[in-house]
Amino acid sequence: MKEIKKIKHHVTALITTLFLSAMAFAQEKSVDININKSSGTNWYSSPIVWIIGAAVFILLLVALLRNNNSKD
């Protein structure tokens, strides 16, 4: 009985692997992926936004930690 369960498990794993492989090969190959496109219209692509966001995060973190320290 144990061997039958083991065989069923291996057959299920094999079928799943074959199905996923077929799905991977069935993908469209004419997709143009270019990660170097510069789009200046996105507000989050500006470095100044990231700098200001990091500064605000650090200030909030410091304020919360100091507030938590003063209650002790």
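Above this note sits the structure.
Residues numbered from 1 in each chain as written. Predicted model: local features only at pLDDT ≥ 70, side-chain atom pairs only at ≥ 80, totals over all residues. Heavy atoms only, no water.

Overview of the overall build of the chain
Within the chain, the regular secondary structure consists of two helices and zero strands. Classification of the 72 residues of the chain by burial places 0% in the buried group. Looking at the chain as shown, the accessible area adds up to about 7500 Å², and 68% of this sits on carbon and sulfur atoms. (Helix = DSSP H or I, 4+ residues; strand = E, 2+ residues; numbered from the N terminus. Buried < 20%, exposed > 50% of the residue type's maximum accessible area, 1.4 Å probe, protein only. Areas by Shrake-Rupley, 256 points an atom, 1.4 Å probe, with all protein chains shown as cover.)

Points about a nonpolar patch on the surface
Together, Trp-43, Tyr-44, Ile-48, Val-49, Trp-50, Ile-51, Ile-52, Val-56 and Leu-60 make up a nonpolar patch on the protein surface, roughly 1000 Å² of accessible area in all. Its place among the elements puts Ile-48 in helix α2 (residues 47-70). (Patch = residues over 30% accessible without salt bridge, like charges linked within 9 Å, V, L, I, M, F, W, Y side chains within 5 Å. Salt bridge = Lys/Arg side-chain N within 4 Å of Asp/Glu carboxyl O.)

As for helix α1 (residues 2-25)
End to end, α1 covers 35 Å across 24 residues, agreeing with the expected 34 Å (1.5 Å per residue, within 8%). The element α1 is barely covered by neighbouring structure, given that only zero of its 24 residues are classed as buried. (Expected span 1.5 Å × (residues − 1).)

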